[in-house]
Amino acid sequence: MHTNSYEEAFDKFINSREYDRVEEALFQFARECFEAGYKAAGGVTPDGDKIVDILKRSLDNK
């Protein structure tokens, strides 16, 4: 069980802009990993974006 001060600090982090940026980067990473697997399994996607390009754009928006 966590202390109240821990829970308060975690709540503050979850509600911060920093967390929003981390969450968005993780979402984009998961989406690109899925797309890579989808393509590897023979699926076709309409765009040709690369994983590095999307992560770079996310990190550049700090």
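This report concerns the structure included in the present document. (Residues numbered from 1 in each chain as written. Predicted model: local features only at pLDDT ≥ 70, side-chain atom pairs only at ≥ 80, totals over all residues. Heavy atoms only, no water.)

1. Considerations on the overall build of the chain
In terms of helices and strands, the chain carries 3 helices and 0 strands. Taking all 62 residues of the chain together, the buried fraction comes to 11%. (Helix = DSSP H or I, 4+ residues; strand = E, 2+ residues; numbered from the N terminus. Buried < 20%, exposed > 50% of the residue type's maximum accessible area, 1.4 Å probe, protein only.)

2. A closer look at the pattern of salt bridges
What the rule picks out here adds up to 1 salt bridge. When the shortest N-O distance is used, the salt bridge between Glu-35 and Lys-39 registers 3.1 Å. In this pair, Glu-35 and Lys-39 are both assigned in helix α2 (residues 17-40), 4 residues apart and thus about one turn of the helix distant. For Glu-35, a relative accessible area of 14% puts it in the buried group. (Salt bridge = Lys/Arg side-chain N within 4 Å of Asp/Glu carboxyl O.)

3. What to know about α2
Helix length check: α2 (24 residues) gives 35 Å between terminal C-alpha atoms against 34 Å at 1.5 Å per residue, within 8%. Residues of α2 that are buried include every one of Gln-28, Glu-32 and Glu-35, and no others. Two residues or fewer after α2 comes Gly-42, characterised by a positive phi angle close to 105°. (Expected span 1.5 Å × (residues − 1).)

4. Description of the packing of aromatic side chains
This structure, assessed with the given rule, holds 3 aromatic pairs. Judged by centre distance (6.4 Å) and plane angle (0°), the rings of Tyr-6 and Phe-10 are stacked. Note that Tyr-6 and Phe-10 are positioned in helix α1 (residues 4-14) at a spacing of 4 residues, about one turn of the helix. Its relative accessible area of 41% is what places Tyr-6 among the partly exposed residues. The exposure class of Phe-10 is partly exposed, given its relative accessible area of 41%. Between Phe-34 and Tyr-38, the ring centres sit 6.1 Å apart and the planes meet at 25°, which makes this aromatic pair stacked. With Phe-34 and Tyr-38 both in helix α2, this residue pair falls 4 residues apart, about one helical turn. Residue classification places Tyr-38 among the partly exposed positions, given a relative accessible area of 39%. (Phe/Tyr/Trp six-rings, centres within 6.5 Å; stacked < 30°, edge-to-face > 60°.)

These values are about where atoms sit, not about what they do.
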